[in-house]
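Here are the chains, one letter per residue:
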Amino acid sequence: MDDPDQSTREYRFEAGAVPDLAAMRGWLRRVLDGVSPDGVQDVLLLATELVTNALDHAHGVQALRVRYRARRSPVRLEVDDPRPDLGLRLSGSSPDDSRGRGLRLVDAISRRWGVVTHGTARKTVWADVVAG
């Protein structure tokens, strides 16, 4: 049975184009109407990190989905990329490194996160964010 409070929204990225992250964040702000300001900021940060990670390491991003229930936490972010063969791991970056902290941020801010592969077509990296 469908949950009437459940909402799923999807933002599609144009294949081969550099994503407009500001437009994506504006879309997220509109979608998350009613979520606390701190929750929205956490969702924006994690969405930016997940999308950027897909661009940098999986050579593209296909879609961003947001799933949430009205007046309840968590918000689930899902980012699809075309590289199901590419695993994810937390890096051991040092304080002097200019890169390599994206998944550490995801791990620190999200309640939990993970990866689901969909055959040879794509993978989805997801994160649950407390946004009450």
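A short tour of the structure in this document, coming up. All values reported here derive from a predicted model rather than from experimental measurement. (Residues numbered from 1 in each chain as written. Predicted model: local features only at pLDDT ≥ 70, side-chain atom pairs only at ≥ 80, totals over all residues. Heavy atoms only, no water.)

### Re the side chain of Asp128
Filter applied, for reference: Helix and strand labels come from DSSP, where a helix needs a run of H or I of at least four residues and a strand needs a run of E of at least two; each type is numbered from the N terminus. Relative accessible area decides the class of each residue, using a 1.4 Å probe on protein chains only: under 20% of the type maximum gives buried, over 50% gives exposed, and in between gives partly exposed. Side-chain atoms alone can form a polar contact between residues adjacent in sequence; in general such a contact is a pair of N or O atoms within 3.5 Å, and within protein one must be able to donate a hydrogen while the other accepts it. We call two residues contacting when some pair of their heavy atoms lies within 4.5 Å.
Along the chain, the position of Asp128 falls in strand E5 (residues 122–129). When its relative accessible area of 5% is taken as the criterion, Asp128 is described as buried. Reaching out from Asp128, the side chain makes a polar contact with the side chain of Arg76 at a distance of 2.6 Å. Look past the residues within four positions of Asp128 in its chain and what remains in contact with it is Pro74, Val75, Arg76, Ser110, Arg111 and Arg112.

### Observations regarding the pairing of E5
Basically, it comes down to this: At least two DSSP bridges between two strands are needed for those strands to be called paired.
Here E5 lies mainly inside the structure; 7 of its 8 residues are buried. When strand E3 (residues 75–81) meets E5, the two strands line up antiparallel, connected through 7 bridges. Of the residues in E5, the one forming a bridge with Glu78 is Trp126. Looking at chain direction, strand E4 (residues 112–118) and E5 are connected through 7 bridges and run antiparallel. Opposite Val115, over in E5, you have Val125 as the bridge partner. Between the end of E4 and the start of E5, which pair antiparallel, lie 3 residues, with Gly119 showing a positive phi angle near 60°.

### Describing the pattern of salt bridges
Here is the rule: In the sections that follow, a salt bridge refers to a side-chain nitrogen of Lys or Arg positioned within 4 Å of a carboxyl oxygen of Asp or Glu.
This model, assessed by the stated rule, comprises 9 salt bridges. For Arg122, the salt bridge is made with Asp80, and the minimal N-O distance between the two is 3.3 Å. Residue Arg122 is located in strand E5, and its partner Asp80 is located in strand E3; the two are separated by 42 residues in the primary sequence.

### What to know about the nonpolar core
Stated precisely, the cut-off is as follows: By convention a nonpolar core is built from buried Ala, Val, Leu, Ile, Met, Phe, Trp, Tyr and Cys residues, the set being connected through side-chain atoms within 4.5 Å.
Within the largest apolar cluster, 29 residues are counted, with the highest numbers of intra-cluster contacts made by Leu28, Leu32, Val43, Leu64, Val66 and Leu77. Elements with a minimum of two residues in this core: helix H1 (21–31), helix H2 (37–57), strand E2 (63–69), E3, helix H3 (102–109) and E5. Setting aside chain neighbours within four positions, we find Leu77 in contact with Val43, Leu46, Ala47, Leu50, Leu64, Arg65, Val66, Val125, Trp126, Ala127 and Val129.

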